[in-house]
Amino acid sequence: MKKMLCLSFLLLMVKPVLAGIATPCGQENGDTDSNCWSCGSDCTARYDSASNTLTFSGKKTEAIYGNYGYQSPWLRDMPTKNLSKIVFAEGMESIADSFSGYTGLSAGEVSLPNSLKEINGGAFYRLSTPNLVIPETVEKITGNIFYSSGVKRVVIPENTRIYYPWVQGDVELTYWPSGTVYCTSSKCGSNALIYEKDGDNYVVYDKDGNITQIFGSFENFTANGDVISGSYTKKDENGKILGKYNGNGELLERYSYASDGSVAIYDKDGKLIGLQGKRILNVDEASALVKDNKNTFKLRYR
């Protein structure tokens, strides 16, 4: 019994370590010089023709420049430049210069792992893909990861730091992809669309500061999935309600605060539909609040 317990303990200890260790080329069935390559001291890139997928496994990809010249060996040897999927397997903590080459590479999907902590220079050089999901586990990226890329949509996580090794402090993201970048601040440059996390919701704004979309989770936001089905309540820094919106950013109700402490509520067309904290109404206010849009109301005198 003691031997079995010791063996189980050893297996538990080994599993996390193995997650970041790449299996070298030649150690899996079907490995050849044209479908398996080293991408670093602990990194293997494999191309599977059946699924048209390129997979990077190990702990980190290393810079291509200086090791392979300007051309990544997988770009040089693969039979196609149009992939169905690119996968960076779980256990990968750092990626850099993964697609250096004279020609670009396109993929219908790029999958990044939750183990990823940093993305370094030129990581997505000349890569084209519809949507890139950067995990919230990524702590920092260098500002030139999108150099000459064709990424159409990418979300920079809220707590991800953007920096250059040769510049003191944080910097703005540069070398923009050809698509849209979503960011929580101006750290992504003036062309980025700003979003904010409000509770479980992710609220997206246009260049004029108007709400355009509200997502109920980070997963839906990064994948450009479904917006919320109910309403979203926007509040100011003091907790006062400013308005209510549907998932597509359309204003449902607007709140206006008077000096006497009362609150007027208007619908999307500007019609008064509610008053809070006001005991005495004028004729216009009373008419606006009559039920069923009737034009009559009762006045009570005391």
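Read on for a plain summary of the structure. (Residues numbered from 1 in each chain as written. Predicted model: local features only at pLDDT ≥ 70, side-chain atom pairs only at ≥ 80, totals over all residues. Heavy atoms only, no water.)

**Digging into the overall build of the chain**
Okay, so step 1: Helix and strand counts for the chain come out as four helices and 22 strands.
Okay, so step 2: Sequence separation of at least 24 residues holds for 37% of the intrachain contacts in the chain that already meet a minimum separation of 6.
Okay, so step 3: Looking at the chain as shown, the accessible area adds up to about 17,400 Å², and 49% of this sits on carbon and sulfur atoms. (Helix = DSSP H or I, 4+ residues; strand = E, 2+ residues; numbered from the N terminus. Contact = heavy atoms within 4.5 Å. Areas by Shrake-Rupley, 256 points an atom, 1.4 Å probe, with all protein chains shown as cover.)

**Structural notes on the sheet that holds strand 13 (residues 161-163)**
Okay, so step 1: Here we have four strands laid out as an open sheet, ordered 5-7-10-13, and parallel in their pairing. With one partner strand each, in any of the chains shown, strand 5 (94-95) and strand 13 form the two edges of the open sheet.
Okay, so step 2: Of the pairings in the sheet, the one linking strand 7 (residues 118-119) to strand 10 (residues 140-142) comprises two bridges and is parallel in character. Counterpart to Glu118 in the pairing with strand 10 is Lys140. (Pairing = 2+ DSSP bridges.)

**Some words on the packing of aromatic side chains**
Geometrically, a pair of aromatic rings is defined through the distance of the ring centres and the angle of the planes.
Okay, so step 1: For the coordinates displayed, the defined rule picks out 10 aromatic pairs.
Okay, so step 2: Between Phe56 and Phe88, the aromatic rings sit 4.8 Å apart at their centres with planes inclined by 10°, giving stacked as the arrangement. On the criterion of sequence distance, the pair formed by Phe56 in strand 3 (residues 53-58) and Phe88 in strand 4 (residues 82-88) is long-range, its members being 32 residues apart. An identical accessibility class is assigned to Phe56 and Phe88; each is buried.
Okay, so step 3: Both rings, one in Tyr195 and one in Phe221, keep their centres 4.8 Å apart while their planes meet at 65°; by these two values the pair is edge-to-face. Taken together, the residues span a long stretch of sequence, with Tyr195 in strand 15 (residues 193-198) and Phe221 in helix 3 (residues 218-222) at a distance of 26 residues.
Okay, so step 4: The class for Tyr195 is buried, based on a relative accessible area of 1%.
Okay, so step 5: Cluster of aromatic residues (ring-pair linked, three or more members): Tyr182, Tyr195, Tyr202, Phe215, Phe218 and Phe221.
Okay, so step 6: Its guanidinium or amino end placed over the ring of Tyr257, Lys240 lies 5.0 Å from that ring's centre, counting from NZ or CZ. (Phe/Tyr/Trp six-rings, centres within 6.5 Å; stacked < 30°, edge-to-face > 60°. Buried < 20%, exposed > 50% of the residue type's maximum accessible area, 1.4 Å probe, protein only. Lys NZ or Arg CZ within 6 Å of the ring centre and 35° of its normal.)

**Side note on the side chain of Ser57**
Okay, so step 1: In this structure, Ser57 sits in strand 3.
Okay, so step 2: Of the residues examined, Ser57 reaches a relative accessible area of 19% and is grouped as buried.
Okay, so step 3: Discounting chain neighbours no more than four positions away, the residues touching Ser57 are Ala22, Asp42, Cys43, Thr44, Ala89 and Met92.

**A closer look at the sheet that holds strand 21 (residues 263-267)**
Okay, so step 1: Read from one edge of the open sheet, five strands run 18-19-20-21-22, paired in antiparallel fashion. Every interior strand has two partners, whereas the edge strands, strand 18 (231-235) and strand 22 (272-276), have only one. Between one strand and the next, the sheet's axes are offset by a mean angle of 15°, whatever the strand orientation.
Okay, so step 2: Where strand 19 (residues 241-246) and strand 20 (residues 251-257) come together, three bridges link them in antiparallel fashion. Bridging from a neighbouring strand, Gly243 pairs with Arg254 of strand 20. (Axes fitted to C-alpha atoms, helices over the stretch in contact; angles between N-to-C directions.)

**Comments concerning the pairing of strand 15**
Okay, so step 1: Where strand 14 (residues 180-183) lies against strand 15, two bridges are found, and the strand directions are parallel. Following the sheet pairing, Cys183 is matched in strand 15 by Ile194.
Okay, so step 2: Bridging between strand 15 and strand 16 (residues 201-205) involves four bridges; their strand directions are antiparallel. Considered in strand 16, the bridge of Asp198 is made with Asn201.
Okay, so step 3: Remark: two residues form the turn of the hairpin made by strand 15 and strand 16, two consecutive strands paired antiparallel; Gly199 in that turn has positive phi of roughly 65°.

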